[in-house]
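# Observations on the model geometry
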2 protein chains.
Amino acid sequence: MRASRVAVLSTGTELLRGRSVDTNLASIARALETIGLEVDYHATGPDDLDRLVEEIRLASARAEVVILTGGLGPTEDDFTRRAAAEAFERPLVFQPAAWNAIRSRFRRFRIPMASINRRQAFLPRAAGILPNPNGSAPGFAVESAGRFFFALPGPPREMIPMLQKRVLPRLAAAFGNRARFRLWEGRVFGMPEGSVDEIVRPIVARRRGASYGLTVSGGTVNITLRVERGSPLPLVRALRRKLGLFLIGPKSLEETVGDLLLRKRQTIAIAESCTGGLISHKLTSVSGISAALLEGLVCYSNRSKTARLGVPAELIRRHGAVSPEVAAAMAEGIARTAGADAGIAVTGIAGPSGGSKKKPVGLVWHAVHYRGRTRVERRVFPGDRPAVKDRAANFALDLVRRALLKG
Amino acid sequence: MRASRVAVLSTGTELLRGRSVDTNLASIARALETIGLEVDYHATGPDDLDRLVEEIRLASARAEVVILTGGLGPTEDDFTRRAAAEAFERPLVFQPAAWNAIRSRFRRFRIPMASINRRQAFLPRAAGILPNPNGSAPGFAVESAGRFFFALPGPPREMIPMLQKRVLPRLAAAFGNRARFRLWEGRVFGMPEGSVDEIVRPIVARRRGASYGLTVSGGTVNITLRVERGSPLPLVRALRRKLGLFLIGPKSLEETVGDLLLRKRQTIAIAESCTGGLISHKLTSVSGISAALLEGLVCYSNRSKTARLGVPAELIRRHGAVSPEVAAAMAEGIARTAGADAGIAVTGIAGPSGGSKKKPVGLVWHAVHYRGRTRVERRVFPGDRPAVKDRAANFALDLVRRALLKG
């Protein structure tokens, strides 16, 4: 069954000027997905009455459900109420219930109310009020002939609760919960998107009503698998057979490594040069990791590598700080001095300066020391300084993941 | 003079499903603003050939300039090339120059190339190639009768350099630089948005044709000042007088700290507990910082604090690891053991677990040791684990900034 068409409109000149980034589309899409509705179309328009009327009319013609965010404030460039009134050809009328809600909120927080706030109580005739527990602007809903228009405030912390409490129940009642399909999300690390696609496509094609999408970030290819009926697990098993250790599962690389460490009761310590603390930062985003992560060291200076980790100064002199020998000595040194089961080390040239013909910007040596063995891997990453840091940190985390799975 | 109408199109079913948030609109808007062009309209469409053709036609009818991001990958649901060909009624032709660029990139990074990558070299007839130095997908431009269509890849780190190097110069040449107004951007750290607004509003109101906008992120309030003619500097000086040390200037907190360290030839070392490496990560995003940053230590375990920094075990036992005493001992310990001019330390409870009535989640002690003095500051930050880490890291960087400016 085809889901109804849903359109999302974002209003706000600040979005079109790049002063802020709209996260409401993503929040709305994820919320609607839980009741089986999909956003089909999204547009962003300026704070301009005529343009907003045009966007609302266009969206209402294309979609059965229109959810608009923004433009509900009390100032003169908040046009949503007037635009909806014009688009649906209903006059704006004063709604005492909305006015009472606005006034009592200001009283409760003892905020002085500007007289212009009275504007927020004028809504299109016969519109339903959507109370806003976290802000002054009430939202509203206009329904006619099985079509729905919802106006919600722009700030996410006001918008999201209203979406959950008011909009989703109304749509679920009107359309029924259409969540027939099931989703599975997984990640592949260390394989380019094109190669992942060549593996996933024929597997998914064998099953009727199954589809997938790939997105890429920081060297990870994210797979979203969707099956119309039944469980996605047989497909996941087929993917796992083909992708092997490249397939991570639904969690992020750092969560996967964190889970493995905690489950296997292994401790870890990290020595970072060019990644500058990013590996530690990623791993400490995992709640509870303090039971496994003993310490991280950002040893930018050679003195730090020698004094803290016992990397011989002679080794650095002979091979350079960016070398497989020093990477290995750093991984062994951090595991030994921190008293950890596993040690990770990264040394490289994040750029933009510091590169040479033999050691170009982007060159990174990664080492993992675990169970008496040290594995060293070289990569040259494309991109600027943040990109090289991110790729190298992820690659190091993946090396640990593989070491823990094998060990 | 009215700027030409510019439309931005984002493509990608993942955007409409809420799998990722589109930041490209904001980046494009800010870049265009520098040559006096304003985005007037933005739409997001799914990876669907017919829909994409429809969006391109609609945008091209409404705007003289259309910039589309996404859908340039090698897989079958990357439709931008075909959709543009159809919308502009030009056949797709194989462009050997694009193919050579793709192949040489894969060779340079020794990545195995999937045969489907060849698709990326088929572009609409007479389209100009926009080289992509940071990815495999070349972009393209279609011009006719003074109207412009640019197709750029979706990943920001590929898209932004192409926008800067290829799109802006072409548009500036075609339309002239229409930037009559001038912009100034600054940041305020450590003051709530409402208070910043109360200071900025009357100062900006005194000057005709001047306006401003505020946005907030991670405890920083960003000010964008816009003046219609003349220089924004008199206004900036007035802001500086009122905001004092709270005003950072146009650069980020970490860049500001990095610049100060390098200019004053001071060295620094960092000891982090709850921020888990994030301060080091932020500071090492500054190119050239290796001259100032000696080392960072993520001392998650008490043993690490004692063994590496000389924090007395007795001190930790008596006051707890999250205490002003331990924060100060960490800052002094890292400066001493690393041999650095300045030492930063952070210890706190990032959550979600580990909090108590006396020491709630979000409690963080920050310390800076510099020129024989140690300053300790307590804060309780709202939000989840990533938010607490980010706020605490920024607060610590701000303490160093203030110490360096005073010292």
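Computed from a prediction, not measured in an experiment: that's the story for all the values here. All chains use their own residue numbering, which begins from 1 and follows the written sequence. Chain A is the first chain written and ligand 1 is the first ligand written, with later ones labelled in order. Selection of residues for local features in this predicted model requires a pLDDT of at least 70, selection of side-chain atom pairs for listing and counting requires 80 or more, and totals for whole chains, interfaces and linings are taken over all residues. Note: side-chain values were computed over all heavy atoms of the structure, leaving out hydrogens and water.

### Focus: a positive patch on the surface
Residues enter patches when they are more than 30% accessible in relative terms and free of salt bridges; like-charged ones are connected within 9 Å and nonpolar ones (Val, Leu, Ile, Met, Phe, Trp, Tyr) within 5 Å. Per-residue accessibility takes into account occlusion by the displayed protein chains alone, with areas from the Shrake-Rupley method and a 1.4 Å probe. Any Lys or Arg side-chain nitrogen found within 4 Å of a carboxyl oxygen on Asp or Glu counts as a salt bridge. Here Asp and Glu are counted as negative and Lys and Arg as positive; His is not counted, and neither are the chain ends. To locate a charge, take atom NZ for lysine, CZ for arginine, CG for aspartate or CD for glutamate. A contiguous patch of positive charge, built from R206, R237, R241 and K242 of chain A, is present on the exposed surface. The helix and strand labels rest on DSSP assignments: H or I over at least four residues marks a helix, E over at least two residues marks a strand, and numbering proceeds from the N terminus. Along the chain, R237 of chain A turns up in helix α8 (residues 233-243).

### What to know about the sheet that holds strand β1 (residues 5-11) of chain B
Strands were regarded as paired on the criterion that DSSP finds at least two bridges between them. The sheet built from twelve strands is open, its strands ordered β6(A)-β7(A)-β8(A)-β3(A)-β1(A)-β2(A)-β2(B)-β1(B)-β3(B)-β8(B)-β7(B)-β6(B) with mixed pairing. Each edge of the sheet is formed by a strand with only one pairing partner; in this case those strands are β6 (128-130) of chain A together with β6 (128-130) of chain B. On average, each strand axis in the sheet is inclined to that of its neighbour by 15 degrees, with strand direction left out of account. Here strand β2 (residues 38-45) of chain A pairs with strand β2 (residues 38-45) of chain B via three bridges, running antiparallel. Its bridge partner lying in β2 of chain B, A43 of chain A is registered against A43 of chain B. In this analysis, axes come from line fits to C-alpha atoms, helices being fitted only over the stretch in contact, and the angle between any two N-to-C directions falls in the range 0 to 180 degrees.

### Comments concerning the environment of G73 of chain A
Residue and element names in this part refer to chain A. Here G73 is to be found in the loop between β3 (65-69) and α4 (80-87). Separated by 143 residues in sequence, G73 and V216 place their C-alpha atoms 37 Å apart. Contact between two residues is taken to exist if any of their heavy atoms lie within 4.5 Å; hydrogens are not considered. Once residues lying within four places of it in the same chain are set aside, the contact partners of G73 are D78, R81 and Q120.

### Considerations on the pairing of strand β3 (residues 65-69) of chain B
Residue and element names in this part refer to chain B. Burial runs high along β3: five of the five residues are buried. When a residue's accessible area, from a 1.4 Å probe over protein chains only, is under 20% of the maximum for its type it is buried; when over 50% it is exposed; and in between it is partly exposed. Both faces of β3 are covered, namely the face carrying V65, I67 and T69 and the face carrying V66 and L68. Pairing between β3 and strand β8 (residues 147-152): five bridges, direction parallel. What sits directly across from V65, in β8, is F148.

### A few points about the interface of chain B and chain A
Each partner contributes residues to the interface: chain B has 79 residues there, and chain A has 81 residues. For the interface between chain B and chain A, the tally reads 13 salt bridges. As a salt-bridge pair, E295 of chain A and R308 of chain B come within 2.6 Å of each other at their nearest N and O atoms. A 3.5 Å cut-off defines polar contacts: any pair of N or O atoms within that distance qualifies, except that in protein one atom must be a possible hydrogen donor and the other a possible acceptor, and neighbouring residues in sequence count only when both atoms are side-chain atoms. On the surface where chain B and chain A come into contact, there are 42 residue pairs in polar contact (both at pLDDT 80 or more).

### Here we look at the packing of aromatic side chains
In summary, the pairing rule links any two rings of Phe, Tyr or Trp, Trp by its six-membered ring, whose centres are within 6.5 Å, and it sorts them by plane angle into stacked for under 30 degrees, edge-to-face for over 60 and tilted for everything else. Evaluation of the coordinates by the stated rule reveals 14 aromatic pairs over all chains. Measuring from ring centre to ring centre gives 6.1 Å for F148 of chain A and F150 of chain A, while their planes differ by 5 degrees; the resulting arrangement is stacked. The pair F148 of chain A / F150 of chain A is uniform in exposure class, with both members buried. Residues F88 of chain B and F149 of chain B carry aromatic rings whose centres are separated by 5.0 Å and whose planes lie at 65 degrees to one another, so their mutual orientation is edge-to-face. Here F88 of chain B, found in the loop between α4 (80-87) and β4 (92-94), pairs with F149 of chain B, found in strand β8; they are 61 residues apart in sequence, far enough to count as distant. F88 of chain B gets classed as partly exposed once you look at its relative accessible area, which sits at 25%. Ring pairing ties together the aromatic residues F88, F140 and F149 of chain A, which thus form one cluster. Geometrically, a lysine NZ or arginine CZ counts as sitting over a ring once it is within 6 Å of the ring centre and also within 35 degrees of the ring normal. Above the ring of W99 of chain A, the side-chain terminus of R118 of chain A is found at 5.8 Å from the ring centroid.

### Quick notes on helix α6 (residues 156-175) of chain B
Residues and elements named next belong to chain B. Compared with an ideal rise of 1.5 Å per residue, which puts 20 residues at 28 Å, α6 spans 25 Å between its outermost C-alpha atoms and falls more than 12% short. One axis fitted to the seven residues ending at a residue, another fitted to the seven starting there: the angle between these axes is the bend at that residue. At L163, α6 shows its maximal kink, close to 45 degrees. Listed in full, the buried residues belonging to α6 are E158, M159, M162, L163, V167, L168, L171 and F175. Looking at the buried side of α6, the elements it contacts are α2 (24-33), β3, β6, β7 (139-144) and β8. At the C-terminal side of α6, G176 shows a positive phi close to 75 degrees. In a helix, the anticipated span is given by 1.5 Å times the number of residues less one.

### Quick look at the confidence of the model for chain A
Of all residues in chain A, 96% attain a pLDDT of 70 or more, and the chain-wide mean is 91. Scored by ipTM, the complex comes to 0.77, with pTM at 0.78. Confidence of the predictor in every single residue is expressed as pLDDT, which spans 0 to 100.

### Let's talk about the nonpolar core
Generally speaking, soluble globular proteins have nonpolar side chains that are buried together. Residues belong to a common nonpolar core when they are buried Ala, Val, Leu, Ile, Met, Phe, Trp, Tyr or Cys residues joined through side-chain atoms within 4.5 Å. Residues I56, F140 and F149 of chain A together with I56, F140 and F149 of chain B are the most contacted members of the largest nonpolar core, which totals 58 residues. Not counting the four nearest positions on each side in its chain, I56 of chain A is found in contact with L9, L68, A83, A84, A87, F88 and F149 of chain A. Grouped together as the second largest cluster of nonpolar side chains are 46 residues, L309 of chain A together with A327, M330 and A338 of chain B included.

### With respect to the state of the cysteines
Sulfur atoms of two cysteines make up a disulfide when they are within 2.5 Å. Taken as a whole, this structure holds zero disulfides over all chains when the rule is applied. Residue C299 of chain A stays outside any disulfide, its sulfur separated by 10 Å from that of C274 of chain A, the closest cysteine.

### Section: helix α9 (residues 253-263) of chain A
All names here are of chain A. Looking only at α9, the buried set comprises L253, E254, T256, V257, G258, L260 and L261. Buried residues belonging to α9 abut β9 (182-189), β12 (247-249), β13 (268-272), α10 (278-283) and α14 (385-406). Phi turns positive one or two residues past the end of α9, at R265, with a value near 50 degrees.

### Side note on unusual backbone geometry
Residues and elements named next belong to chain A. In this chain, G351 is followed by P352 through a cis amide linkage whose omega measures 0 degrees. Take P352: it is sitting in the loop between β15 (342-348) and β16 (363-370). A positive phi angle, near 50 degrees, is found at R265, a position not held by glycine. Exposure remark for R265: the relative accessible area of 74% places this residue in the exposed category.

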